[in-house]
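Residue-level structure breakdown
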Amino acid sequence: MASLTVLLRHSGKWNDEGNYINFSIEGILIKEYASFNDLVVLISNQLGIDLSSKTIKIQYKVEGNCTPMEIHNDMGYRVYVELKKENREFGMYPLCITTIEKDLISGGSLNQGDIVQIDEGVQRYDSDTDDTLALDFVNSGEAIGVFELHKDLIISKTNQKEVMAGQVYKDKATLKEVMKNYAIAQKFQFRVNRSNAVSYALLCISEDCEWRFKASSINKSELFKVREFNDNHTCPLKDKVYEQRQASSSLIGGMIRPKLTNHKRKYTPKDIIDDVKSDLGVDVSYILVWRAKEKAMNFLIGEPADSYKKLLGYLYTMDMTYPGSHIRMVKSPKNESIPIVVVDGSHLKSYYTGTFVSTSTLNGAGHILPLAYGIIDSENDVAWTWFFEQFKIAYGERENMCIVSDRNESIIKSVSRVYPDVPYFACIWHLWNNVYKKFKKSHAKLSEIYFSMANAYTQAEFDSLMEKVENVDIRVKEYLELAGYEN
């Protein structure tokens, strides 16, 4: 029976960012066809955990997902085994172990469905300390102010609308998201008065307001209970004149994440701003939604840098899978720009008019890098020739360089004069705008075909797509041929 080596992390804690920190490590061997109970016994024996008085929570993180996954049954164990089989490195998918005392209350163990009573006489929670709430077990008789610790009563969804004292949340992260949504819905802002592993206290942004919120963990577990909540605002205008700061990039990123799963969908920052206004009723800035979209995309597909970290492992796997293959990787000594120069102009509308012209390229990370800009009287042969002459002095002529722009005749002439050996290409976006304007009845059917054709890697694929263009509207094919689509 095959075994897998697994790294254990224990005696640590989860922080607010979803990372397991301050841990110790151990190693174990798990069997491929074992059960969840076998895993629990194996871990408890290795770490010396007494299962009669304690229970363990087994979690691990999957790359690209900031939320830890928990193994709590046989299916969860089988999923984990399959992941480990895909990547057998010892340090991959370490199991993070949290130990929880079963004896939460005096006089017996707390089981799901047990009734516990909040005894105000022995309540040890105080806003200035980290002490937690004492609980008394109720065996019989009438219980005053009872709370049933049942799975259904623990709030785990961030879309909780009503907030009140006594509520229990599955963890602090859930509570924080609920309070952000609550503040947005109620159109006010709060500031964090206290926040650590066992407590979370908020105040209204207005210093003179009586609104306050206090919550703390139950016996230093992950569960958080709302201890005090005064929802009465006494501040003028509730500081509505300020931008709603509870509408954070993380909150918006989580809201828009489902709309980004389809990579073909165009979902611009302007669309996000409109959706946030419609759904949350608040105005947000362009840069905020830009960051929110980045966070959402990183959550869905991971950080771009993480893919490069896997490159050496991928090449090693290729070499092992296909012996005798010639596989090499060369790292550039510096982050060089791709020698694609994009040229464009924009008409100025000031008193003196004129045209703003610029060139840009892509850097090694695929980001737009401005190269040069200038102001000319108009887009004519003389002006563009002068601009390219100055650009050549500053930038030079580089190997594999090409120039891309709209099909402006003056630009084409100037490029041929100043850069006679540099190829010129038409911008697919400008070309599509011309198709869009000239053939309005056909553009809806042609959009996907056109951009697929622009990204075709083989002549056969390109010709096949061009036949589809001809079937939709032969005039578009004739227009592209006239434009010289080989460029």
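Scroll up to find the structure.
Bear in mind that the values here come from a model prediction, so they are computed numbers and not experimental data.

A separate point is the side chain of His10. As for its placement among the helices and strands, His10 is situated in strand E1 (residues 3-10). Here the side chain of His10 touches Ser11 through a polar contact of 2.9 Å, side chain to side chain. Those residues in contact with His10, other than ones at most four positions away along the chain, are Tyr20, Phe23, Ser24, Ile25, Glu26, Leu47 and Ile97.

What follows concerns the pairing of strand E13 (residues 190-195). The pairing of E13 with strand E14 (residues 199-204) spans 5 bridges and is classified as antiparallel. Opposite Arg194, over in E14, you have Ala201 as the bridge partner.

Spatial ordering of the open sheet is given by E11-E12-E16-E15-E14-E13, a layout of 6 strands whose pairing is mixed. Each end of this open sheet is capped by a strand with a single partner; those strands are strand E11 (154-155) and E13. Judged from the 2 bridges that link them, E11 and strand E12 (residues 168-169) form a sheet pairing that is parallel. Bridge assignment links Ile155 to a residue of E12, and that residue is Tyr169. Sheet strands in contact with helix H3 (residues 172-186) are E11, E12, E13, E14, strand E15 (212-217) and strand E16 (224-230), and its direction is about 10° off that of E14.

What follows is about helix H6 (residues 286-301). Between its first and last C-alpha atoms H6 spans 22 Å; for 16 residues at 1.5 Å apiece the expected length is 22 Å, and the two agree. Buried residues of H6: Leu288, Val289, Ala292 and Ala296, and no others. Angular distribution of buried residues about the axis of H6 spans 90°; they occupy a single face of the element.

Once that is clear, we can look at the layout of surface pockets. Of the volumes computed, that of the second largest pocket is approximately 970 Å³. Residue lining of the second largest pocket: 32 residues in total, with Val404, Phe425, Ala426, Cys427 and Ile428 positioned closest to the centre. Looking at the lining of the second largest pocket, the element that brings in the most residues is strand E17 (residues 338-347), giving 4 residues.

Definitions and cut-offs
- Residues numbered from 1 in each chain as written.
- Predicted model: local features only at pLDDT ≥ 70, side-chain atom pairs only at ≥ 80, totals over all residues.
- Heavy atoms only, no water.
- Helix = DSSP H or I, 4+ residues; strand = E, 2+ residues; numbered from the N terminus.
- Polar contact = N/O pair within 3.5 Å; in protein donor to acceptor, adjacent residues only side chain to side chain.
- Contact = heavy atoms within 4.5 Å.
- Pairing = 2+ DSSP bridges.
- Axes fitted to C-alpha atoms, helices over the stretch in contact; angles between N-to-C directions.
- Expected span 1.5 Å × (residues − 1).
- Buried < 20%, exposed > 50% of the residue type's maximum accessible area, 1.4 Å probe, protein only.
- Arc of directions from axis to C-beta.
- 1 Å grid on protein atoms, 1.4 Å probe; cavity = no way out; pocket = protein on both sides within 12 Å on 5 of 7 lines; lining within 4 Å.
- Points joined across faces, edges and corners; volume = space filled by probe spheres on them.

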